[in-house]
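Each chain, letter by letter, is given below.
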Amino acid sequence: MSRRPVIAGNWKMHKLQSESAELANAVMKELKDIDKAALPEVVIAPVYTSLYAVNKALTDCGCGKVKMAAQNAFYETQGAFTGEVSVEMVKDAGAEYVIIGHSERRQYFGETDEMINKKAKKILELGLVPIICCGESLEQREAGVTDSHIASQIKAALDGLSAEDVAKSIIAYEPIWAIGTGKTCDSDEANRVIAMIRNVVKEVAGADSADKIRILYGGSVKPNTIVEQMSKSDIDGALVGGASLTADSFAQIVKGAM
Ligand code: 13P
């Protein structure tokens, strides 16, 4: 089974509207000479307030080479949830993907496995693609509970989803100790954990979904790490933080995944 690679840029809490549109345009410019069919699936995730501006930039270009994700969304449709933004709303703003369960959201905003599962269901119900994040802390790795922790995060996130919906989803394995630290996880170890995740998917949703689901690595991915990472059997792409904030380094990562 050959899975189409995905390179997603998580811009985190960076950039005003004009800067976001500028970066989206610069990314498209970097990719302009590459045939769309040769590219991986390229996704960028601006802050909520830049979704409209980035979508406009991507639509105006008309090249269809870059898609947009939201960094989060709430599972309720509307109502008295001050400060939240629903999946309908990010879809309305042009997002086709939604990142959920990022370790920063789990750590700073109390996002639980149960909330992540509700979000995944709503995202799929509305025809968008969830990018479900998982990963262990340094303490968990040192305590030898990496695999059991991640397996339980994945089982909870996918609970009650159809095999078809699981196949359409994307998972990102992001060891917390590798995020923003410059300490990339060894590629063989990342591949081992990702293969373990694929096995968990097989257990809960069957072999076909496990074959189809794209599982990305995230955590200090850089232009000089991506080629080796992509050479591994189970790594289907990358969720990139810091290196997605400049068009040149993000484009180099995209090209490294071709
Ligand atoms: P860095 O690439 O900056 O380590 O961030 C990874 C990440 O958290 C992407 O979601």
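Please refer to the structure placed before this passage.
A.B. asks: Lay out the packing of helix 1 (residues 17-30) against helix 2 (residues 51-61) in plain terms, naming residues and giving numbers.
C.D. replies: Packing of helix 1 against helix 2 brings their axes to within 8 Å, and their N-to-C directions diverge by 30°. The pairing of helix 1 with helix 2 is recorded here as roughly parallel in orientation. Pair helix 1 / helix 2 crosses with right-handed handedness. Side by side, helix 1 and helix 2 meet where Gln17, Ser20, Ala21, Ala24, Asn25 and Met28 of the first sit next to Ala53, Val54, Ala57, Leu58 and Cys61 of the second. By residue class, the composition of the contact of helix 1 with helix 2 is eight nonpolar, three polar and no charged.

A.B. asks: An account of helix 7 (residues 146-158) is needed here, citing residue identities and associated values.
C.D. replies: End to end, helix 7 covers 18 Å across 13 residues, agreeing with the expected 18 Å (1.5 Å per residue, within 8%). Within the span of helix 7, buried status applies to Thr146, Ile150, Ala151, Gln153, Ile154, Ala157 and Leu158. The arc enclosing the buried residues of helix 7, seen along the axis, measures out at 160°, which places them on a common side. Count one or two residues on from helix 7 and you reach Gly160, which has phi positive near 80°.

A.B. asks: Could you give me a rundown of the pattern of salt bridges, with the residues and numbers involved?
C.D. replies: The tally for this structure, following the rule as stated, stands at 20 salt bridges. In this structure, Arg214 engages Glu41 in a salt bridge whose closest nitrogen and oxygen atoms are separated by 3.1 Å. Taken together, the residues span a long stretch of sequence, with Arg214 in strand 7 (residues 214-218) and Glu41 in strand 2 (residues 41-45) at a distance of 173 residues. Each member of the pair, Arg214 together with Glu41, is buried. Across the pair Lys119 and Glu111 runs a salt bridge, and its minimum N-O distance is 3.0 Å. Assessed through its relative accessible area of 5%, Glu111 is described here as buried. Overlapping salt bridges bring together Glu136, Arg141, Asp147, Glu189 and Arg192 as one network.

A.B. asks: Which residues make up the site of the ligand, and what values do they have?
C.D. replies: In the neighbourhood of the ligand, 13 residues make up the surrounding shell, with Lys12, His102, Gly180, Ser220 and Gly242 lying closest. The side chain of Asn10 places a nitrogen or oxygen atom 3.0 Å from an oxygen atom of the ligand. In isolation the ligand offers 310 Å² of accessible surface; the protein chains occlude 96% of this area. By residue class, the composition of the shell around the ligand is four nonpolar, seven polar and two charged.

A.B. asks: Give a detailed account of the pairing of strand 5 (residues 129-134), specifying residues and quantitative values.
C.D. replies: With six of six residues buried, strand 5 is to be regarded as a mostly interior element. By the alternation rule, side chains of strand 5 split into Val129, Ile131 and Cys133 and Pro130, Ile132 and Cys134, which are all buried. Across four bridges, strand 4 (residues 97-100) lies against strand 5 in parallel orientation. In the sheet register, Tyr97 faces strand 5, and the bridge partner there is Val129. One ladder, built from four bridges, connects strand 5 with strand 6 (residues 170-173); its direction is parallel. Paired with Cys134 across the strands is Tyr173, a residue of strand 6.

Each value, and the rule that gives it
- Residues numbered from 1 in each chain as written.
- Predicted model: local features only at pLDDT ≥ 70, side-chain atom pairs only at ≥ 80, totals over all residues.
- Heavy atoms only, no water.
- Axes fitted to C-alpha atoms, helices over the stretch in contact; angles between N-to-C directions.
- Helix = DSSP H or I, 4+ residues; strand = E, 2+ residues; numbered from the N terminus.
- Parallel < 35°, antiparallel > 145°, perpendicular 65-115°, else oblique.
- Left-handed = near helix turned anticlockwise from the far one by under 90°.
- Contact = heavy atoms within 4.5 Å.
- Nonpolar A, V, L, I, M, F, W, Y, C, P; charged D, E, K, R; others polar.
- Expected span 1.5 Å × (residues − 1).
- Buried < 20%, exposed > 50% of the residue type's maximum accessible area, 1.4 Å probe, protein only.
- Arc of directions from axis to C-beta.
- Salt bridge = Lys/Arg side-chain N within 4 Å of Asp/Glu carboxyl O.
- Near = heavy atom within 4 Å.
- Polar contact = N/O pair within 3.5 Å; in protein donor to acceptor, adjacent residues only side chain to side chain.
- Areas by Shrake-Rupley, 256 points an atom, 1.4 Å probe, with all protein chains shown as cover.
- Pairing = 2+ DSSP bridges.

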